[in-house]
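# Geometric and topological summary
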Amino acid sequence: MITFDEVTKRYADGTVAVDRLTLEAPTGEITVFVGPSGCGKTTSLRMINRMIDPSEGRVLLDGVDVTTIDPPTLRRGIGYVIQQAGLFPHRKIVDNVATVPYLLGWDKKKARDRAMELLERVGLDLKLAGRYPFQLSGGQQQRVGVARALAADPPVLLMDEPFSAVDPVVRTSLQEELLRLQAELNKTIVFVTHDIDEAVKLGDRVAVLRVGGHLAQLDDPATLLSRPADDFVREFLGRDRGIRRLSFVSGHEVGLRADLTVPVSTETAGLRDTAEPWLAVLDEDGRPLGWARTDDLPASGTLAGVPLAPYGTFDRGRDSLRAALDATLLSPSGCAIAVDDAGRAEGVVTREALSEALDRVAGGAHA
Amino acid sequence: MREEPLVRWDWIGRNWPSIQSLLEDHVVMSLVPIVVGLLVALPLGLACVRWRGIYQPTMSLMNVTYSLPSLAVFVMLIPVTGLATRATVIVPLVFYSLAVLIPAVVDGLGSVPDHVRQSAVAMGFTPLRRLLLVELPIAVPVVLAGLRVAAVSSISLVSVGALVGRGGLGYLFIDGWQRQFYTPIIVGVVLVVLLAAIADALLVLAQRLLTPWSRARGTA
Ligand SMILES: Nc1ncnc2c1ncn2[C@@H]1O[C@H](COP(=O)(O)OP(=O)(O)OP(=O)(O)O)[C@@H](O)[C@H]1O
Ligand SMILES: [Mg+2]
């Protein structure tokens, strides 16, 4: 556990970057520091590994004041990932990853084996191990940065806007990778970002800081979104707060209609009279193929020859209501198809079912 | 005598042993200042990076030295190092190479990206290891670029030493000039240019081998 106890940082020029910050980052959880530029996120993070020492107060690592630990020793036990990855341009990828094991005096073979294992773990092609950093894309470099931080298996990981410099698609995959890794590794992670979406996606707990280094609110993401502590937090969360909250509502909250799905082998003749304007057509295995408009169905034959409209799906077990809403927007039918882990349709989510679920959720928490 | 050929090959043949020893002299007198210059520039450059305040004064001093005409400096040194000695030529050339190499070391260390330095700190490098394993290796391309300039100018400046009696291949220029005989001059020019070209090529090769990781700076 990392504890900030009344920590203040005043720089030489008088700037108060962090003001009497008190909070805990629990072991095995991701604690996110989020806030506008200049609010003291980086300063706070660096006081954990002593790249900066506090002016007042203490930072404790499992109860031990970090200023009592020799900086290089302390740092070798704390992984650190930054925005530009900070890879050593003159070392091959495998040696970059093995940096801390080398510093700890592991023998070369063991350090490299460990590095290869980690490259695999963060989802990198092992062919890249012999390359230099300039030969990698930004997203790949960032994965190497994560692998390097994990190389000596430190219990603590500090991440300073690690995914801000990559494009949104890569960022999403890196975020998911981090959550997957964290599920396996259970590190104590402090993650800095200025992106509230990233904060609520990754954080077990989110600390919102305001300029001057004051802690405005510390809560789990769902509570943060439903009950912002004050106007600053509310404004920082932005207009999309309602939509974001949907991310924390399970897909199971919404009711399904099984009667709107039909196998592709069904004869069209019997379907033309249904009151429903759209039907979700499934293949033999029950996977969605698309939407058929009932008014346009031919008089005879099966659904196999019918032109189908595009569809959106969401996984009820894994996805949130936000994904369900998104999926309804992708279909001309205005409905989303709920699928299981194997991609088989479980039923259809209609707009009515969705708004019913939204009403229920909105009733549960007053913003 | 009107029909005298531009290059008298027989003269080259007859004088080859002495040309060879002039060449050796030239190589030694241009190489030593570069090597000594590099050995001195490294600690001085590091000091300039560590204590920013001394960089400007050091460079002013170096630039003043650099602006002194080499001949004047050679002459001034004669009472100290002796007439027609290697030292008379080598000492000033060390200073000339310092004027190029100190900024090269400083700029080289300056070329280490801040985020790389920060991440070295964050991973638990001690300052000394950080310098030796991260900062200096990354500075190599810039330092080598400076070394190329220093090497070529050192090779060409040695010739001026001929005016104080010790100039390696430069002797051939004086000899040819005094006798209005072009062959030695041409031999001297060709060998000096060749020497500079070979030194430069070797340094480029060293750069390729030492820094396979540097792409854009590779040809600088
Ligand atoms: N070395 C320094 N000397 C003086 N002031 C500093 C120094 N480093 C940071 N500051 C100031 O301290 C405040 C907090 O800086 P910090 O880098 O912690 O912010 P941040 O929240 O990480 O911002 P960003 O999102 O832009 O990275 C800012 O006002 C900054 O200008
Ligand atoms: Mg920052």
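These numbers come from a predicted model, not from an experiment.

The number of helices and strands found in chain B is eight helices and zero strands. For chain B, the sequential pattern of α-helices and β-strands runs α-α-α-α-α-α-α-α. Across its three principal directions, the C-alpha atoms of chain B cover 75 × 40 × 25 Å. When burial is assessed residue by residue, chain B has 44% of its 220 residues classed as buried. The long-range share in chain B, meaning contacts at least 24 apart out of those at least 6 apart in sequence, stands at 76%. Of the roughly 11,200 Å² of accessible surface on chain B, 71% is carried by carbon and sulfur atoms.

Under the UniProt annotation, the feature "domain: ABC transporter" (unreviewed entry) is placed at residues 2-237 of chain A. Secondary structure content for residues 2-237 of chain A is 38% helix and 25% strand, while the C-alpha to C-alpha distance between its ends is 26 Å.

Along helix H5 (residues 114-122) of chain B, the residues that are buried comprise Val-116, Ser-119, Ala-120, Val-121 and Ala-122 of chain B. Phi turns positive one or two residues past the end of H5 of chain B, at Gly-124 of chain B, with a value near 95°.

A surface patch of nonpolar side chains, about 630 Å² in accessible area, is lined by Val-27, Val-28, Leu-31, Val-32, Val-35, Val-36, Leu-39, Val-40 and Leu-44 of chain B. Summarising the element assignment, Leu-31 of chain B is placed in helix H1 (residues 9-50).

The subject of this paragraph is the interface of chain A and chain B. Listed as interface residues are 23 residues of chain A and, on the opposing side, 19 residues of chain B. For the pairing of chain A and chain B, the buried interface totals around 2,000 Å² over both sides, and the portion due to carbon and sulfur atoms is 68%. The largest per-residue losses of area from chain A upon contact with chain B belong to His-90, Leu-103 and Phe-134 of chain A, which jointly make up 29% of the total buried on that side. Between chain A and chain B we count zero salt bridges in total. For the interface between chain A and chain B, the tally reads five residue pairs in polar contact (both at pLDDT 80 or more). Among the elements of the structure, helix H2 (71-76), strand S6 (78-82) and helix H4 (99-103) of chain A are those that each provide at least two residues to the side of chain A that touches chain B. Looking at which element gives the most residues to the side of chain A that touches chain B, the answer is H4 of chain A, with four residues. Looking at side-chain class alone, the side of chain A that touches chain B contains 13 nonpolar, five polar and five charged residues.

Our focus in this paragraph is the pairing of strand S1 (residues 2-10) of chain A. Residue and element names in this part refer to chain A. As judged from the five bridges shared by S1 and strand S4 (residues 56-61), these two strands associate in the antiparallel manner. Of the residues in S4, the one forming a bridge with Phe-4 is Val-59. With six bridges joining them, S1 and strand S2 (residues 16-25) adopt antiparallel strand pairing. Each residue of the ladder has a partner; that of Phe-4, found in S2, is Leu-23. Here S1 folds back onto S2, and the loop between the two strands holds five residues, one of which, Gly-14, carries a positive phi near 95°.

A word on the confidence of the model for chain B. Averaged over all residues, the pLDDT of chain B is 91; the fraction at 70 or higher stands at 96%. Listed scores for the predicted complex are pTM 0.81 and ipTM 0.85.

The sites that carry the UniProt feature "domain: ABC transmembrane type-1" (unreviewed entry) are, in the present numbering, residues 23-204 of chain B. Secondary structure content for residues 23-204 of chain B is 84% helix and 0% strand, while the C-alpha to C-alpha distance between its ends is 22 Å.

This part takes up the nonpolar core. Grouped together as the largest cluster of nonpolar side chains are 46 residues, with contacts concentrated most on Val-97, Met-159 and Phe-191 of chain A. For this core, the element with the most residues is helix H6 (residues 138-150) of chain A, which contributes five residues. Beyond its immediate sequence surroundings of up to four residues, Phe-191 of chain A is in contact with Ile-30, Thr-31, Val-32, Phe-33, Met-159, Pro-162, Phe-163, Leu-178, Glu-198 and Leu-202 of chain A. Of all hydrophobic cores here, the second largest spans 33 residues; its members include Ala-41, Cys-48, Met-59 and Ala-150 of chain B.

Attention now goes to the pairing of strand S10 (residues 214-219) of chain A. For a regular strand, side chains alternate in direction, first toward one face of the sheet and then toward the other. Residue and element names in this part refer to chain A. Two strands pair when backbone bridges link them, and strand S9 (residues 205-210) and S10 are joined in this way by five bridges, in the antiparallel orientation. The residue bridging Arg-210 from the neighbouring strand is His-214, located in S10. The turn joining S9 and S10, which pair antiparallel and follow one another in sequence, is formed by three residues; a positive phi near 100° is taken by Gly-212.

Reading the values: the criteria
- Residues numbered from 1 in each chain as written.
- Chains lettered and ligands numbered in written order.
- Predicted model: local features only at pLDDT ≥ 70, side-chain atom pairs only at ≥ 80, totals over all residues.
- Heavy atoms only, no water.
- Helix = DSSP H or I, 4+ residues; strand = E, 2+ residues; numbered from the N terminus.
- Buried < 20%, exposed > 50% of the residue type's maximum accessible area, 1.4 Å probe, protein only.
- Contact = heavy atoms within 4.5 Å.
- Areas by Shrake-Rupley, 256 points an atom, 1.4 Å probe, with all protein chains shown as cover.
- UniProt positions renumbered as here; feature names shortened; annotations may be inferred.
- Patch = residues over 30% accessible without salt bridge, like charges linked within 9 Å, V, L, I, M, F, W, Y side chains within 5 Å.
- Salt bridge = Lys/Arg side-chain N within 4 Å of Asp/Glu carboxyl O.
- Buried area = accessible area lost by both parts, 1.4 Å probe.
- Polar contact = N/O pair within 3.5 Å; in protein donor to acceptor, adjacent residues only side chain to side chain.
- Nonpolar A, V, L, I, M, F, W, Y, C, P; charged D, E, K, R; others polar.
- Pairing = 2+ DSSP bridges.
- pLDDT = per-residue confidence, 0-100.
- Core = buried A, V, L, I, M, F, W, Y, C linked by side-chain atoms within 4.5 Å.

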